[in-house]
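# Secondary and tertiary structure notes
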Amino acid sequence: MTKDGWKSLLPTISGIQCILTFVLALFQGQLKVIGMNDGIVLVVGITASLLWWKLKSPTVTNMMLQLGITIGFIPTFQSVWMRPQSEIALCWFLWTVSFVFQTTVVIQRWKEQKRDLVYPINCLWLHLAVALLALR
């Protein structure tokens, strides 16, 4: 969306890690039946891909993906609310810090495009919320 490699570095690394995690789970037989939230996220992701293909609008695709990311956090919020010890707060704080750094990079390379802040700020608050819930 930004055509800026530095701004795209963290989302690219995160995407690669998600793919590697999926492949690892696939080969270890750890995949489970897709639940309702996962199904919604899958539909949002496919819809975002189709919209990008049809409209060639990275901004529309990014906004759709932010919806998917947010919905994807719902089961994590639920589980950590019920059992705070189910997540390691330090890991979530470290991920939060990585999104603080990405937000800082976006601001330092600012080109008056507010849309560039949507992903890092969305992920920053989502990860921070899990970290804080895990501390309870």
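For the structure, check the block above.
Described in the following lines is the structure provided in the data block.

### Quick word on the packing of helix 3 (residues 58-72) against helix 4 (residues 74-82)
It is at 4 Å that the axes of helix 3 and helix 4 come closest, and there the two elements cross at 20°. Relative to helix 4, the element helix 3 lies roughly parallel. The residues of helix 4 that touch helix 3, namely those facing Thr70, Ile71 and Gly72, are Ile74, Pro75 and Thr76. A breakdown of the residues in the contact of helix 3 with helix 4 according to their chemical character gives three nonpolar, three polar and no charged.

### Considering the pattern of salt bridges
Summed over the entire model, instances satisfying the criterion amount to one salt bridge. In this structure, the salt-bridge partner of Asp116 is Arg115, at a minimum N-O distance of 3.9 Å. Looking at Asp116, the relative accessible area reads 6%, which means it is buried.

### Remarks on the environment of Leu128
Looking at the element boundaries, Leu128 is found in helix 6 (residues 118-135). When the C-alpha atoms of Leu128 and Ile13 are compared, they prove to be 19 Å apart, with 115 residues separating the residues in sequence. Non-local contacts of Leu128, meaning those with residues more than four positions away in its chain, are made with Phe93 and Thr96.

### Observations regarding a nonpolar patch on the surface
Residues Ile19, Phe22, Val23, Leu26, Phe27 and Leu31 make up a contiguous nonpolar surface patch of roughly 620 Å² in combined accessible area. Here Phe27 shows up in helix 1 (residues 5-27). Note on Phe27: relative accessible area 70%, which makes it exposed.

### Some words on the packing of aromatic side chains
For the structure on display, the rule yields five aromatic pairs. When the ring of Phe73 is compared with that of Trp92, the centres are 5.9 Å apart and the planes differ by 70°; the resulting orientation is edge-to-face. Separated by 19 residues along the polypeptide, Phe73 in the loop between helix 3 and helix 4 and Trp92 in helix 5 (residues 89-108) bring together distant segments of the chain. Here Phe73 matches Trp92 in class, with each residue buried. Between Phe99 and Tyr119, the ring centres sit 5.7 Å apart and the planes meet at 75°, which makes this aromatic pair edge-to-face. Taken together, the positions of Phe99 in helix 5 and Tyr119 in helix 6 put the pair 20 residues apart, joining distant regions of the chain. The exposure class of Phe99 is buried, given its relative accessible area of 4%.

### Details of the state of the cysteines
Covalent bonding between the sulfur atoms of two cysteines is what defines a disulfide. Per the counting criterion, the structure on display carries zero disulfides. Free cysteine Cys18: the closest other cysteine sulfur is in Cys123, separated by 9.7 Å. Looking at the unpaired Cys91, the closest cysteine sulfur is the one in Cys18, lying at 15 Å. Exposure remark for Cys91: the relative accessible area of 32% places this residue in the partly exposed category.

Basis of the calculations
- Residues numbered from 1 in each chain as written.
- Predicted model: local features only at pLDDT ≥ 70, side-chain atom pairs only at ≥ 80, totals over all residues.
- Heavy atoms only, no water.
- Axes fitted to C-alpha atoms, helices over the stretch in contact; angles between N-to-C directions.
- Helix = DSSP H or I, 4+ residues; strand = E, 2+ residues; numbered from the N terminus.
- Parallel < 35°, antiparallel > 145°, perpendicular 65-115°, else oblique.
- Contact = heavy atoms within 4.5 Å.
- Nonpolar A, V, L, I, M, F, W, Y, C, P; charged D, E, K, R; others polar.
- Salt bridge = Lys/Arg side-chain N within 4 Å of Asp/Glu carboxyl O.
- Buried < 20%, exposed > 50% of the residue type's maximum accessible area, 1.4 Å probe, protein only.
- Patch = residues over 30% accessible without salt bridge, like charges linked within 9 Å, V, L, I, M, F, W, Y side chains within 5 Å.
- Areas by Shrake-Rupley, 256 points an atom, 1.4 Å probe, with all protein chains shown as cover.
- Phe/Tyr/Trp six-rings, centres within 6.5 Å; stacked < 30°, edge-to-face > 60°.
- Disulfide = S-S within 2.5 Å.

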